[in-house]
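Survey of secondary and tertiary structure
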Amino acid sequence: MMAELQQTPTSLCCCRKSLPALGGRCAGDSGRPSAGPGSPRCPLVDVASASNFRCFQLRHLHLDLRINFAVKEMSGWLVLDLVPVQPGVHTLVLDSHPSLLIHSIDCKGPGAPQEEPVSLTYRVDPFTDYGSSLNISLPTALKPGRLIHITVRYTTTDGPAIWWLDSELTCGQSRPLVFTQGHSVCNRSFFPCFDTPAIKSTYTASVRVPDGVTVLMSASRSSYSKQDRVFQFSMEFPVPSYLVALVAGELQHVDVGPRSRVWAEPCLLSCAVKKLGGSVERWLGVAEELFGAYLWGRCDIVFLPPSFPIVAMENPCLTFIIASILESSEFLLIDVIHEIAHGWFGNAVTNATWEEMWLSEGLATYAQRRITTEAYGEAFTCLETAVRLDALHRQLRLLGDNNPVSKLQVKFEPGVNPSTLMNLFTYEKGFCFVSYLSQLCGDVRRFDCFLRDYIAEFKFKSVVAQDLIDYFLGYFPELKDAAVAQREGLEFERWLSGCGPPLYEPDLSAGGALTRPVQDLCDVWRSSDTPDLQAVSTFHLSTWSTFQIVLFLDRMLDHSPLPHDVMVSLSARYSSLFDGLNAEVQIRWLQMVVRNSFYPDLPRVRAFLHKHTSRMYTVPLYEDLVAGVMKCVAVEIFYQTQRRLHPNLRRTLQQILFQNSAAPTNQNGPALPLIPPSPSPSLSPQPAATATASSAASAGTANGIALRDVNVSA
């Protein structure tokens with residue numbers, strides 16, 4: 001049982017049974033004898049889905065939509081090609097959402113074009129606060145194995161998957177833009193579906209738009225009819241529902257490789273192309289050498305305005321990434337490589353339920369670091385890993401070692417939104433477990449071969465953890481014979497089901513030349529209330545990389561509040577330097593300013609929040625301002641900037657400022673109206689130490705935390 005955690009991503013990464021999937025294959029069924037101890041698999045259950053997906057095989061889905069920016073609606077129809085796999089199935093249950101207006105549903109058999117479709121009755125029932133169930137009564141003559149076509153005519157309104165940006169919220173401020181974000185369970189508000197990662201299918205789409213609007217989708221093929229203003233898309237490889245994605249607006253592109261192009265608004269395009277150059281093809285080539293051929297054909301990237309709610313999303317063939325990250329070349333590099341790694345781990349082979357998200361994120365993080373090691377050297381990878389593992393242990397200190405959110409296999413009750421469980425354990429504890437499996441092999445290249453064959457075995461399927469473990473032990477029979485899965489203190493079951501820190505962490509000593517100076521400088525600044533400025537002067541931060549400075553500031557943040565004289569000296573020595581660096585550095589310094597109530601640098605906080613309107617940079621600072629003694633400042637800045645914030649972010653900040661309660665900040669919902677300036681509320685100072693955690697109240701069993709000091713990509 002898992003209490004729902006209400007947490008704030010700064011940017012923002014189940015029971016078992018054989019399951020009818022594409023081509024008759026089942027999630028959790030590898031099609032070969034189990035290499036594990038092997039009790040029979042239980043039925044796979046996805047508690048986040050209301051659908052009866054086990055009763056059908058989904059062959060294909062088609063979307064036919066018209067986008068209306070004036071009323072912020074998409075209208076049209078969905079066609080599902082379904083084959084019942086069980087006798088006596090009289091109802092089709094799809095995941096839906098109260099924001100979808102269903103107009104009609106009908107059914108038609110194959111091979112009978114003249115046959116009139118049969119109108120079907122349906123009802124919509126409540127399911128959770130993030131969706132509903134669409135119950136469709138099927139014809140009584142339905143036979144198992146017989147293909148049927150279900151057509152649902154509907155209109156979208158204001159659901160969590162669809163983000164409408166007025167022109168003033170785009171980078172160019174000339175045309176409106178809309179994008180979808182399906183991860184984890186939001187696409188049920190885009191179209192009715194089996195909204196579970198256990199089910200994959202191919203899809204096609206036709207999208208009609210006004211003149212001057214370009215539409216992109218996560219599809220392997222596309223075309224455009226200028227006369228009809230219709231974009232056509234085809235995804236020829238099976239994907240789960242959450243990876244169907246769309247963006248429409250004033251978008252242009254430049255090819256940056258033989259199979260990759262960069263898309264962005266015109267005002268951003270040259271900067272994006274300059275930052276990426278020919279790197280995408282280089283990274284793809286390295287990944288292919290490690291893990292086998294890239295399966296998706298295209299590897300395009302679209303940069304979205306700051307309202308994009310996370311850093312990046314691995315939509316196949318078309319990665320979505322927030323434009324704000326262009327400021328930092330090193331963070332951009334890591335985020336793009338991480339999304340490329342998802343082409344193998346997450347997209348090709350997918351976690352069958354959201355309770356085992358680490359199967360996508362942990363493996364993708366490991367693959368990302370193998371790519372950066374080959375491309376940029378072990379020292380760089382160790383430095384980046386040190387930043388992330390520091391953040392992981394920071395979360396553990398806040399949560400405590402016994403908090404169930406730190407498990408790799410997180411069990412949660414029906415009604416808990418999987419999106420609220422996206423955290424660093426999914427990424428970094430998962431990475432450490434995969435690193436441990438690699439260490440057991442004794443040869444990283446041998447483990448690369450294992451991962452390549454794992455992808456070949458399970459590509460375009462959804463798996464559970466036992467599939468990975470069984471395949472690993474079958475691939476390395478000597479390790480199975482040595483009973484490595486039961487090694488005391490490092491049992492695989494303990495890795496998956498145990499709370500607390502990773503049982504093993506990789507050796508990062510190869511990055512010592514980059515990390516040792518960082519720790520040495522931290523030690524100098526923390527050695528006394530009056531720092532030794534002569535010793536400080538021997539360190540030249542202007543020559544450091546972004547990740548080195550970030551690691552330094554993160555570790556200094558861990559020791560806040562600092563003596564006032566230390567803050568005075570830090571500001572005098574570094575604040576002007578930080579002004580000229582990227583937002584990843586600036587936000588950490590400004591968090592130090594706020595958590596230490598260092599008023600001389602408060603104008604920098606104001607300037608930063610006036611400039612940056614993305615969730616990944618605003619929410620952490622507002623939370624710190626409210627948790628400390630500067631709530632008045634936060635309220636004042638909010639009044640001045642609220643018109644430039646997306647309504648969903650405005651709603652989040654209003655909850656932080658005025659409701660004094662945590663809320664799931666990665667969810668769309670009714671936006672609160674613009675608030676006119678009014679007398680500041682009565683403010684009572686709060687301890688600065690509380691700035692590192694935000695309360696979560698569901699079930700009263702766990703505290704949610706803000707995922708700050710690190711950017712979490714999906």
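Here the structure is shown first, and the text comes after it.
Residues numbered from 1 in each chain as written. Predicted model: local features only at pLDDT ≥ 70, side-chain atom pairs only at ≥ 80, totals over all residues. Heavy atoms only, no water.

The full count for this structure, using the stated rule, is 31 salt bridges. For D106, the salt bridge identified is with R153, shortest N-O distance 3.0 Å. Of this pair, D106 sits in strand β7 (residues 100-108) while R153 sits in strand β11 (residues 148-156); the two residues are 47 residues apart in sequence, bridging distant segments of the chain. Judged by relative accessible area, D106 falls into the buried class, the value being 13%. The partner of E584 in a salt bridge is R588, and the shortest N-O contact between them spans 3.1 Å. (Salt bridge = Lys/Arg side-chain N within 4 Å of Asp/Glu carboxyl O. Helix = DSSP H or I, 4+ residues; strand = E, 2+ residues; numbered from the N terminus. Buried < 20%, exposed > 50% of the residue type's maximum accessible area, 1.4 Å probe, protein only.)

Counting residues in hydrophobic clusters, the biggest one holds 235 residues, and the most contacted among them are I150, F303, Y454, F472, F492, F552 and L570. Counting residues per element, this core draws most heavily on helix α6 (residues 424-441), which supplies 11 residues. (Core = buried A, V, L, I, M, F, W, Y, C linked by side-chain atoms within 4.5 Å.)

Here the focus is the packing of aromatic side chains. Tallied over the full model, the rule gives 48 aromatic pairs. Centroid distance F291 to F345: 5.3 Å. Interplanar angle 85°. Geometry classified as edge-to-face. Of this pair, F291 sits in helix α2 (residues 279-291) while F345 sits in the loop between α3 (329-341) and β24 (349-351), and the two are 54 residues apart along the sequence. F345 shares its class with F291; the two are buried. The ring of W77 has R153 sitting right over it, with the charged end atom 5.7 Å from the ring centre. Of note, R369 hangs over the ring of F431, and the distance from its end group to the ring centre comes to 4.4 Å. (Phe/Tyr/Trp six-rings, centres within 6.5 Å; stacked < 30°, edge-to-face > 60°. Lys NZ or Arg CZ within 6 Å of the ring centre and 35° of its normal.)

So, on to the sheet that holds strand β23 (residues 318-322). Reading across from one edge, β19-β20-β21-β23-β22 is the order of the five strands in this open sheet, with mixed pairing throughout. Here the strands that pair on one side only, and so sit at the sheet edges, are β19 (252-257) and β22 (312-313). Taken together, the five bridges between β19 and strand β20 (residues 260-264) define a ladder with antiparallel strand orientation. Across the sheet, the residue bridging to G257 is S260, located in β20. Relative to β20, helix α1 (residues 266-276) is tilted by about 145°, and along the sheet it contacts β19, β20 and β21 (300-304). (Pairing = 2+ DSSP bridges. Contact = heavy atoms within 4.5 Å. Axes fitted to C-alpha atoms, helices over the stretch in contact; angles between N-to-C directions.)

Let us look at the pairing of strand β18 (residues 246-249). Consecutive residues of a regular strand have side chains that alternate between opposite faces of the sheet. Here β18 shows no split at all, with L246 and A248 on one side and V247 and G249 on the other all buried. Note: strand β13 (residues 177-180) against β18, two bridges, orientation antiparallel. In the strand pairing of β18, F179 is matched with V247.

To continue, consider helix α8 (residues 465-475). The periodicity of an α-helix, 3.6 residues per turn, causes residues three or four places apart in sequence to face the same way. Counting buried positions along α8 yields eight of 11 residues, so the element is predominantly enclosed. Those residues of α8 that fall on the buried side of the exposure criterion are A465, D467, L468, I469, D470, Y471, F472 and L473. Against the buried residues of α8 lie α4 (358-376), α6, α7 (444-458), β25 (461-463), α9 (477-481) and α10 (492-497).

What follows is about the environment of I150. Relative to the assigned elements, I150 resides in strand β11. Judged by relative accessible area, which is 0%, I150 ranks as buried. For the pair formed by I150 and I136, sequence separation is 14 residues and the distance between their alpha carbons is 9.7 Å.

Overall, antiparallel pairing links the three strands, which are arranged β6-β10-β9 in an open sheet. Each edge of the open sheet is held by one strand with a lone partner, namely β6 (91-96) and β9 (122-128). Along the sheet, successive strands turn relative to each other by an average axial angle of 25°, direction set aside. Across six bridges, β6 lies against strand β10 (residues 131-137) in antiparallel orientation. Bridging from a neighbouring strand, V93 pairs with N135 of β10.

It is worth spelling out the pairing of strand β16 (residues 221-225) at this point. Of the strand pairs in this sheet, β16 and strand β17 (residues 230-239) are connected by five bridges, and their pairing is antiparallel. Within β17, the residue paired with Y224 across the bridge is F231. Between β16 and β17, which pair antiparallel and follow one another directly, the connecting turn spans four residues, one of which, R229, has a positive phi of 55°.

Compared with the 20 Å implied by 1.5 Å per residue over 14 residues, the 20 Å span of helix α11 (residues 512-525) between its first and last C-alpha is a close match. Here α11 has its buried residues at G512, T515, V518, L521, C522, V524 and W525. For α11, the secondary structure elements touched by its buried residues are α5 (378-399), α12 (533-536), α13 (546-557) and α14 (564-579). (Expected span 1.5 Å × (residues − 1).)

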